[in-house]
Amino acid sequence: MTDAALATMAATSPSTSASASTATPARRSREGVRRTATVLGAALLLVLLWELYKAVGPQDGGTVLGARVLPRARDASMPHVLDVLRTLRDPEVAAAGSRTVGAAVLLSAWFTLKVSLLGALLGAAIGFLLAVAMQRLRVVEHGLLPWVLLSQTVPLIALAPLVTGWGGNLHLGSAQWQPWMSVVVVSAYLAFCPVAVGALRGLQSPAPAAVELFASYAASWWRTLLRLRLPAAVPFLLPAFRLAAAAAVIGAIVAEISTGTRGGIGRLILEYAQQATSQPARVYAAVGGAALLGLVASGLVTLLDVAVLRRGARA
Amino acid sequence: MSTSTARTADASGTREPAVSVRGVSQRFDTGRGSVQALQDVDLEIARGEFVSLIGPSGCGKSTLLRIVADLVEPTAGEVRINGKSAHQARLDHDYGIAFQSAGLLEWRTVARNVELPLGLHGAGRAERRARVEELLALVGLSEFASARPSELSGGMQQRVAIARALAENPSLLLMDEPFGALDEMTRERMQAELLRISAESSTSVLFVTHSIAEAVYLSDRVVVMSARPGRIADVVDIGLGRHETAEAGADVREAPAFFDRVTRVRAALRGGPGGHPGVDDR
Amino acid sequence: MSRLRSGADASARVLLPLAFAVAALLAWEVFVRARDIPPFLLPAPSAIFEALRANTPQVASAARTSGANALVGLVVGSVLGVLAAVVAARSRLLREALLPLSAAASAMPIVALAPLFNTMFTSTSDVPRRLVVTIVVFFPVFVNAVRGLSQVQPVHADLLHSYAVSGWAFTRTVRLPGALPHVFTGLRLASSLAVIAAVVAEYFGGLQTGLGSRITSAASSSAYPRAWAYVTAACLLGLAFYTATLLLERLATPWQTRPQR
């Protein structure tokens, strides 16, 4: 199933566009500018459509062919885009010295980013180790891989609320289990699957002829791993990491809601959602922060690719 | 039952040649300047004649075939097929074409693949079914009518492709190294099949190949091309009585006359300034 | 590395994972009982099974609701995705606008849109959850469908050109059937995502009639075996959707020897 997800990744990632490999730097930057312009244009179009709907749409929602699928156009349900931007400067609570909504969103997003990254790293590390184990031992691969694949088709993220119970009742040595640790666990689990599957595919990707070549050099399994399989696995790792990052972010947000972890953007979204009748624009700001978080995480993976993976592949 | 004389070039000129190429040039502009793929090519194929194009890589033989098929427009020159322009001939479905890869549609059965041109050009179901039966019998694949391409070997897929190329009973067959991806034994079998089929249907054939032996075995004339720029270096008359060789089933490839022709073609290839890289002269 | 002979290999591929699962379940049961693990941490499989048995009607009803939400979203999202792909295949501008957007969307937590939809629609509406699923499904289906529609083999293009066939006849004969395996690749991915989104969307509030809300409420009342029972039901639902999509793929593309990657 991750193959499908990886295929989706491949289809949209810039590195697969034909121009990337054959174009000159000038051409590539022109393409980049053009692409950014198109995306910005599309975003602007969405904003315009939003405002247009607000201007002409039914205040109390409407029906299309009998189904209530038209949203309510009133300000309380669909705030103006400018209102959402303006609310970023409002103080969060009426008390003096309260931080602004914008600051709250950014700080919460930062918190969740840290937690997701930790979870992603943990999950990726375990996933990678499992992939190596599966490559080494056929038994492990045949026994475990189907379950790993299966776990991606089923919503194991549904377990997040159950992880709540761990908080406050568990002790790691002398330290008590913090709610954010549950979030990291959930994040890590979601990140682990795509990395395990992707890394295994990568480790198994060298052609039999190449493996036999190494065998003819009497190279040990470890040597073969380091010199043949790991470099071969690099192009498979990138889309897997991208998936893992996105999964870790979603896992973190959902887990934050379930565990009620303060400081994260999930909790903030829920808080603002509860205030939605009086302050409709805030929840939009919070969700915008979550979206930004996802993009930043994806951007970090791209950085990793450019800085480390591609260079490693060339070496 | 016609004799070999019917197979040689029609010198009387009472009928239009099947294919007439005059002064065809083709230039490709790439990022790094332009390439003269073909320069001033003149060629005529008489009705019922089997002509091979052979030459090193880059001599333009595939380009020439594609120009005749109106898949590429020449930078200069004119192509006439049965007296019409190549463009009109394509619109009138005057030729059948086969490529190096069989190009079968994986989601269709063999029968549906063979009837592809018929269906696209509006033939009725009964007509299609009858014709497909005929064609599959011709190529010896009648039992595989409802098989899928993925179940067939490379040779069988090419046979389906040839059946498809013959679907509309074209007077001209264009073939671009159709046996190139096959192993030697299958290749020789397919060559014999093709000879038999083209003899039975009296089709003119323009055949592109890398292999001297294949060209000599199949053709009435072998057109030797050279590269940089692509042009015709020489034309070798084979005149082995093609029809008779297929009928007799004799092992023509062992006959002294065969080796003689092969030597002539090889000499023509070597004599050209393009040299002979990329030509299989076993 | 252990070597399995080819004959035994096939049965091993089925038996080994089952053996692992059975062993894991047994180990789980023994571990919980032996170490007296409290249920808030990890209930025993037997307790979960018991909770499933005792609550079957509620589990079934919640599963039906979540299943319906996932199905509606899956169907609408896929149809929209394919239609958008057909249009995008012909329009370079649309492709350049939507493909990067799809890449961005796959990085973002789309389920976080649920509270927004809850404000846009009434709190008693099905639409927010179904809309979340629709969006989650749209992008992978769209991306894969565009990929499939753009990949015509050159030999097929030449062949159809030699038949003087272009336009709609070309699309109908070559482009669409060739794109079908890719569409199903996207659909397989989307079917699992649909169930996940349908379940998780409820964590953000709104109408609480599906599996997601049951899980949270059971967890907050500390009825952990019941909560795990609902999770199991959600997993079975996800599996059912994935299997159904696989079957549909087999039916629609019988010529595929293995699933298109």
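(A) Broad picture of the overall build of chain B. In terms of helices and strands, chain B carries 10 helices and 10 strands. Per-residue burial over chain B gives 48% buried out of 282 residues. Put simply, of all contacts in chain B between residues at least 6 apart along the chain, 73% involve residues at least 24 apart.

(B) Geometry of the overall build of chain A. A tally of regular secondary structure across chain A gives 12 helices and 4 strands. Each of the 315 residues in chain A was classed as buried or not, and the buried ones make up 43%. When contacts within chain A are restricted to residue pairs at least 6 apart in sequence, long-range pairs at least 24 apart make up 72% of them.

(C) Structural context of the interface of chain C and chain A. Tallying the contact residues gives 65 residues for chain C and 64 residues for chain A. Those elements that provide at least two residues to the side of chain C that touches chain A are helix H1 (6–35), helix H4 (92–107), helix H5 (114–120), helix H6 (127–150), helix H8 (167–200), helix H9 (211–220) and helix H10 (224–252) of chain C. With 10 residues, H4 of chain C is the single largest residue contributor to the side of chain C that touches chain A. For the side of chain C that touches chain A, the class distribution of residues is 46 nonpolar, 14 polar and 5 charged.

(D) Structural view of the pairing of strand E6 (residues 95–98) of chain B. Residue and element names in this part refer to chain B. On E6, burial covers both faces: Tyr95 and Ile97 on one face and Gly96 and Ala98 on the other are all buried. In the sheet, E6 pairs with strand E7 (residues 172–176) via 4 bridges, with the strands oriented parallel. Across the sheet, the residue bridging to Ala98 is Met175, located in E7.

(E) Here's a closer look at the sheet that holds strand E1 (residues 19–30) of chain B. The strand order E2-E1-E4-E5 (chain B) describes an open sheet built from 4 strands, whose pairing is antiparallel. The two strands at the open ends of the sheet, each matched to only one other strand, are strand E2 (33–45) and strand E5 (84–85) of chain B.

(F) Local environment of the sheet that holds E6 of chain B. All names here are of chain B. Across the sheet, 6 strands lie side by side as E6-E7-E8-E3-E9-E10; this open sheet has mixed pairing. The two strands at the open ends of the sheet, each matched to only one other strand, are E6 and strand E10 (231–237). Geometrically, the sheet is characterised by an average inter-axis angle of 15° between neighbouring strands, direction not taken into account. Examined bridge by bridge, strand E3 (residues 50–54) and strand E8 (residues 204–209) share 5 bridges and lie parallel to one another. Paired with Phe50 across the two strands is Val205, which belongs to E8. Of the strands in this sheet, E6 and E7 are in contact with helix H6 (residues 154–165), which crosses E6 at around 165°.

(G) Broad picture of the interface of chain C and chain B. Counting from both sides, the interface comprises 15 residues of chain C and, opposite them, 16 residues of chain B. For the side of chain C that touches chain B, the elements supplying multiple residues, two or more each, are helix H7 (154–162) and H8 of chain C. Looking at which element gives the most residues to the side of chain C that touches chain B, the answer is H7 of chain C, with 6 residues. Residues of the side of chain C that touches chain B, tallied by class, amount to 9 nonpolar, 5 polar and 1 charged.

(H) A look at the nonpolar core. Membership of the largest hydrophobic core comes to 153 residues, with the highest contact counts inside it found for Ala199, Ala244 and Ile269 of chain A together with Val132, Ala194, Ala197 and Tyr230 of chain C. If you tally residues by element for this core, the top one is helix H10 (residues 221–259) of chain A, at 19 residues. Beyond its immediate stretch of four places on either side in the chain, Ala244 of chain A contacts Ala120, Gly123, Ala124, Ala191, Pro194 and Val195 of chain A. Listed in part, the 87 residues of the second largest apolar core include Val41, Met156, Leu173 and Val205 of chain B.

(I) Representation of the domain arrangement of chain B within the structure. Residue and element names in this part refer to chain B. When the domains of chain B are assigned, the result is domain 1 (4–94 + 171–271) and domain 2 (101–169). Distance between the C-alpha centres of domain 1 and domain 2: 24 Å. Per element, the largest residue contribution to the side of domain 1 that touches domain 2 is 6 residues, and it comes from helix H7 (residues 184–201).

(J) Region of the structure containing the domain arrangement of chain A. Residue and element names in this part refer to chain A. If you check the domain split of chain A, you get domain 1 (19–75) and domain 2 (79–314). Computed over C-alpha atoms, the centres of domain 1 and domain 2 are 27 Å apart. Each side of the interface is counted separately: domain 1 has 5 residues, and domain 2 has 4 residues.

(K) Quick peek at the confidence of the model for chain B. Residues and elements named next belong to chain B. In the predicted model, chain B carries a mean pLDDT of 84, and the fraction of residues at 70 or more is 87%. Taking the mean pLDDT of every element in chain B, the minimum, 52, falls on helix H9 (residues 242–248) and the maximum, 95, on helix H3 (residues 110–114). Across residues 1–13 the pLDDT falls below 50, and counting only partners more than four positions away or on other chains, this stretch makes 19 contacts in the model. Of the two predicted TM-score estimates for the complex, the pTM is 0.82 and the ipTM is 0.83.

(L) A look at the pairing of E10 of chain B. Residue and element names in this part refer to chain B. Summarising the sheet, strand E9 (residues 221–226) and E10 pair through 6 bridges and their orientation is antiparallel. By the bridge assignment for E10, Val224 is matched with Asp234. Linking E9 back to E10 in an antiparallel pair, the connection comprises 4 residues, with Arg228 at a positive phi of about 50°.

(M) Highlighting the environment of Arg130 of chain C. Residue and element names in this part refer to chain C. Mapped onto the fold, Arg130 is located in helix H6. Taking the number of C-beta atoms within 10 Å as the measure of exposure, Arg130 has 27 and is therefore buried. As for Arg130 and Val76, which are separated by 54 residues in sequence, their C-alpha atoms are 9.1 Å apart. Ignoring sequence-local partners within four residues, the contact set of Arg130 consists of Asn69, Val72 and Gly73.

(N) Main features of the packing of helix H5 (residues 101–136) of chain A against helix H8 (residues 179–203) of chain A. All names here are of chain A. For the pair H5 and H8, the least separation of the axes is 5 Å and the interaxial angle reads 40°. Between H5 and H8 the crossing geometry is right-handed. Here the contact of H5 with H8 is built from residues that sort into 24 nonpolar, 6 polar and no charged.

The rules we used
Residues numbered from 1 in each chain as written. Chains lettered and ligands numbered in written order. Predicted model: local features only at pLDDT ≥ 70, side-chain atom pairs only at ≥ 80, totals over all residues. Helix = DSSP H or I, 4+ residues; strand = E, 2+ residues; numbered from the N terminus. Buried ≥ 20, exposed ≤ 12 C-beta atoms within 10 Å, placed from the backbone. Contact = placed C-beta atoms within 7 Å. Nonpolar A, V, L, I, M, F, W, Y, C, P; charged D, E, K, R; others polar. Pairing = 2+ DSSP bridges. Axes fitted to C-alpha atoms, helices over the stretch in contact; angles between N-to-C directions. Core = buried A, V, L, I, M, F, W, Y, C linked by C-beta atoms within 7 Å. Domains from an automatic or database assignment. pLDDT = per-residue confidence, 0-100. Left-handed = near helix turned anticlockwise from the far one by under 90°.

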